[in-house]
Amino acid sequence: MKVLHVGIPVNGLINAFQKKSTSYHFLEWTDYLNSGNLNKLCDIISSIPSDLVFYHLQQPIDESIIKSSSGYKINWTWDYRNPTPSFYHTLAPLFNKTIFSSRCENVLYSDYLPPHVDTLYYDGIGTVLDTIPPIVFIGNNFDNRFDNSQDRILMVQTLKYVFDEQFGVYGHGWNSVEYLNDKMNYFFTLPVGQKLEKIIYNSTKIVINHNHFQADGYTSDRMMRAMSSGKAVVSSYIPNDIPYLENKYEHWKSLDELVYKVKYLLENDSYRNKLSYDGKLAVTENYSWDNFVDKIFNYVYEAK
């Protein structure tokens, strides 16, 4: 399959495309937009013969960039937004498929693929720090920005109150939250990068997942990375669960239920280890970047 990839660089995805394609070209389209060289980008796109043109667009784009390409056209949105930005509706007729990470999107020719992750990188192997507590949450504090942002703050406050030094939160924005300021060390200034995220997963026992939105089949890709790393996950409730992950993690609908399930996992090594093993197997077998590329290629094959 000849692939032209126009979008944002995601190393694991690029590696999977390179491995599985007969030819592969990647164009970071923002390089051309930032320089105002739209015509040059269109000329490059039109000059590359492709069976698949894979776009990764998360903001409005000039339609000429899409119309200049040939082959089966897919736009992958990667994350979930509420409400769905209008430009996805506007651009949808120009694509054969627009792919979202939840089942809730009412967009022409759209389909659902859950988040996929670099299972080769997040493998649970490598540096371990004994300063990382056994229960962690990785995520930023956005105050009131998203649907469930205030619930996230209350969750973190509750976990810190109940578990104290056994719980750690990693991400920016938490230094302003009442009760937390004097209770623990944080990484306030920057979002958690790949290297630190991997180390945190390697070093902990239980990972809390909290999604800013409650949408059908939607979760943050951090949940997948934690499971790929072989850690037991306790997630906020995900309506209409994610394929292959049923019973591979614990979920909660109330803070009392969250506290109960975390305590149970801490006290029951055998069940926690089983959940960790089953979750890792489910993600590595179904949600690697190789799996993602196979699913993308299938859209093209089925259209022929």
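Scroll up a little and you will see the structure.
Residues numbered from 1 in each chain as written. Predicted model: local features only at pLDDT ≥ 70, side-chain atom pairs only at ≥ 80, totals over all residues. Heavy atoms only, no water.

**A word on the pattern of salt bridges**
And step 1. Evaluated as defined, the whole model comprises 12 salt bridges.
And step 2. Between K19 and D290 there is a salt bridge; the shortest N-O distance is 2.6 Å. With K19 in helix α1 (residues 11–20) and D290 in helix α11 (residues 289–303), this residue pair connects regions lying 271 residues apart in the sequence.
And step 3. With relative accessibility at 23%, the residue D290 sits in the partly exposed group.
And step 4. Ionic pairing is found between D123 and K198, a salt bridge with its closest N-O pair at 2.8 Å. Taken together, the residues span a long stretch of sequence, with D123 in the loop between β6 (110–112) and β7 (135–138) and K198 in helix α7 (residues 194–203) at a distance of 75 residues.
And step 5. Under the relative-accessibility criterion, D123 is labelled partly exposed at 24%.
And step 6. On the accessibility criterion, K198 (13% relative accessible area) is buried. (Salt bridge = Lys/Arg side-chain N within 4 Å of Asp/Glu carboxyl O. Helix = DSSP H or I, 4+ residues; strand = E, 2+ residues; numbered from the N terminus. Buried < 20%, exposed > 50% of the residue type's maximum accessible area, 1.4 Å probe, protein only.)

**A short note on the packing of aromatic side chains**
And step 1. Evaluated as defined, the whole model comprises 18 aromatic pairs.
And step 2. Ring centres of W76 and F292 lie 5.1 Å apart, and the angle between their planes is 55°; this geometry places the pair in the tilted category. Here W76 is found in strand β4 (residues 72–76), whereas its partner F292 is found in helix α11, with 216 residues between them in sequence.
And step 3. Given a relative accessible area of 4%, W76 falls into the buried group.
And step 4. On the accessibility criterion, F292 (1% relative accessible area) is buried.
And step 5. Both rings, one in F137 and one in W174, keep their centres 6.5 Å apart while their planes meet at 80°; by these two values the pair is edge-to-face. With a gap of 37 residues between them, F137 in strand β7 and W174 in the loop between β8 (167–170) and α7 connect regions that are remote in the sequence.
And step 6. With relative accessibility at 1%, the residue F137 sits in the buried group.
And step 7. Three or more aromatic residues joined by ring pairs make a cluster, and in this case those are F17, Y24, F54, W76, W78, W289, F292, F297 and Y301.
And step 8. In this structure, K253 packs its charged tip against the face of Y237, placed 4.4 Å from the ring centre. (Phe/Tyr/Trp six-rings, centres within 6.5 Å; stacked < 30°, edge-to-face > 60°. Lys NZ or Arg CZ within 6 Å of the ring centre and 35° of its normal.)

**Concerning the packing of helix α9 (residues 255–267) against helix α10 (residues 269–286)**
And step 1. Following both chains from N to C, one finds α9 and α10 inclined at 105°, their axes separated by 5 Å at the closest point. Classified by the angle between their axes, α9 and α10 sit roughly perpendicular to one another. Along its contact with α9, which presents Y264, L265, L266 and E267, the element α10 presents D269, Y271, R272 and L275.
And step 2. Residue composition of the contact of α9 with α10, by class: 5 nonpolar, no polar and 3 charged. (Axes fitted to C-alpha atoms, helices over the stretch in contact; angles between N-to-C directions. Parallel < 35°, antiparallel > 145°, perpendicular 65-115°, else oblique. Contact = heavy atoms within 4.5 Å. Nonpolar A, V, L, I, M, F, W, Y, C, P; charged D, E, K, R; others polar.)

**Brief notes about the sheet that holds β7**
Sheet strands line up and pair through hydrogen bonds in the backbone, either parallel or antiparallel.
And step 1. In spatial order, the strands read β8-β7-β9-β10-β11; together these 5 strands make up an open sheet with parallel pairing. Where the open sheet ends on each side, the last strands, each with one partner, are β8 and β11 (250–252). Within the sheet, the average angular offset between the axes of one strand and its neighbour, ignoring direction, is 25°.
And step 2. Strand direction decides the pairing type here: strand β10 (residues 232–236) and β11, joined by 3 bridges, are parallel. Paired with S235 across the bridge in β11 is H251.
And step 3. Helix-sheet contacts for α9 involve β7, β9 (206–209), β10 and β11, and the interaxial angle to β11 is about 155°.
And step 4. In the packing of α10 onto the sheet, the strands contacted are β9, β10 and β11, and the crossing angle to β10 comes to about 80°. (Pairing = 2+ DSSP bridges.)

**Side note on the environment of L41**
And step 1. Following the sequence through the fold, L41 ends up in helix α3 (residues 38–47).
And step 2. C-alpha separation for the pair L41 and L27, spaced 14 residues apart in sequence, amounts to 8.6 Å.

**What about α9?**
And step 1. In a regular helix each residue adds 1.5 Å, so 13 residues correspond to 18 Å; α9 covers 18 Å between its end C-alpha atoms and thus fits that length.
And step 2. All of the buried residues along α9 are L258, V259, K261, V262, L265 and L266.
And step 3. Buried residues in α9 make contact with β7, α6 (149–163), β9, β10, β11 and α10. (Expected span 1.5 Å × (residues − 1).)

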